[in-house]
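Observations on the three-dimensional arrangement
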Amino acid sequence: MNESQEMYLVHIARESEISNKPIPLRSLADHLNILPASVNQMIRKMEADGNVVYQPYKGVSLTKEGERQALRIIRNRRLWEVFLTDHLKFNYHQANNIACEFEHVTPDEVTDRLAAFLKHPQTTAMGKSIPGPEGEETVNLGSPLNLATAGEQVQVKNIQSAGTQRGFLIQSGIAPGKTIKVLAMKADGVCLLHPQDAPLVQLDSQLTHQIRVIPIKENEQTPQD
């Protein structure tokens, strides 16, 4: 498998984390800055190799083998992110760019030694899960916020958006480890939230499905005004 195919697998895997649906070929073309005809040709080849399944008018999803390959690459990237941010003091964006180069050329033995050196971290500084050596999930990252119900109190485990969207959420009191109360949730995913120690905030469906949360048991809930 070449680097280009690996990039396809990683993007499909990361988009599937958010939407849990087949990824449209147009989305792949836009993200990878490749002509749609070239994307279609590559997906046909990857389907023949047993790494993806393409559904006309719906999109592409990973097979078990494709998922295994994608998680191996994602594990490489996120371990390098931890090393670069924690030990070489790069900021997140610098570390992410460098790790994107390293992920494709790191042998499994090096990955295993890197994980041991880092004492087997489960998440990156951005709260992203680091898959285990067999692709297993090593930490519970919860479910999308748009599946929560009104009146429920939840803890933020992970934010899957980046850049200005991520900055807005963190400034609004919605960050990994923070507690928020769901005041209202519409069928389309728009919700009204009360983050702990922060003002009320309304989010649209584009953001709510990118926030992963776990419910807080009643006896663990934090009183909020």
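Thresholds, definitions, all that
Residues numbered from 1 in each chain as written. Predicted model: local features only at pLDDT ≥ 70, side-chain atom pairs only at ≥ 80, totals over all residues. Heavy atoms only, no water. Helix = DSSP H or I, 4+ residues; strand = E, 2+ residues; numbered from the N terminus. Axes fitted to C-alpha atoms, helices over the stretch in contact; angles between N-to-C directions. Parallel < 35°, antiparallel > 145°, perpendicular 65-115°, else oblique. Left-handed = near helix turned anticlockwise from the far one by under 90°. Contact = heavy atoms within 4.5 Å. Nonpolar A, V, L, I, M, F, W, Y, C, P; charged D, E, K, R; others polar. Pairing = 2+ DSSP bridges. Core = buried A, V, L, I, M, F, W, Y, C linked by side-chain atoms within 4.5 Å. Buried < 20%, exposed > 50% of the residue type's maximum accessible area, 1.4 Å probe, protein only.

Quick look at the environment of Ser38 now. Checked against the element boundaries, Ser38 lands in helix H3 (residues 36-48). Expressed as a C-alpha distance, the spacing of Ser38 and Ser143, which sit 105 residues apart in the sequence, is 34 Å.

Okay, the packing of helix H4 (residues 64-86) against helix H5 (residues 92-102) next. Interaxial distance between H4 and H5 falls to 8 Å at its minimum, and their mutual angle equals 135°. As the angle between them shows, H4 and H5 are arranged oblique. As for the relative orientation of H4 and H5, their crossing is right-handed in sense. Across the interface between the two elements, Arg77, Trp80, Glu81, Leu84 and Thr85 of H4 pack against Tyr92, Ala95, Asn96, Ile98, Ala99, Cys100 and Phe102 of H5. Residue composition of the contact of H4 with H5, by class: 8 nonpolar, 2 polar and 2 charged.

Our next topic: the sheet that holds strand S3 (residues 143-144). Taken together, the 6 strands give an open sheet; going across it, the order is S3-S8-S4-S5-S6-S7, and neighbouring strands pair in antiparallel fashion. Of all strands in the sheet, those bounded by a partner on one side alone are S3 and strand S7 (201-203). As defined by bridge partners, strand S6 (residues 191-195) adjoins S7 across 3 bridges and the pair is classed as antiparallel. Opposite Leu192, over in S7, you have Gln202 as the bridge partner.

Grouped together as the largest cluster of nonpolar side chains are 20 residues, with contacts concentrated most on Tyr8, Leu28, Ile43 and Val60. Of all elements in the fold, only helix H1 (3-19), helix H2 (25-32), H3, strand S1 (52-55) and H4 reach the threshold of two or more residues within this core. Among the elements that line this core, the one with the most residues is H1, at 5 residues. Once you skip the residues sitting within four places of it in the chain, Ile43 turns out to touch Tyr8, Ile12, Leu25, Leu28, Val52, Tyr54 and Val60. The next biggest cluster of nonpolar side chains, apart from the first, holds 16 residues, and it includes Ala148, Val201, Leu203 and Ile211.

A few words on unusual backbone geometry. Positive phi values are uncommon outside glycine, yet Lys89 reaches one of about 60°. Here Lys89 is to be found in the loop between H4 and H5. Its identity is not glycine, yet Asp197 carries a phi of approximately 60°, on the positive side. By the secondary structure assignment, Asp197 is in the loop between S6 and S7. By relative accessible area, which is 77% here, Asp197 ends up exposed.

Assignment of secondary structure puts Gly173 in the loop between helix H7 (163-171) and strand S5 (179-185). Excluding residues within four positions of it along the chain, Gly173 makes contact with Lys178, Ile180, Pro195 and Ala198.

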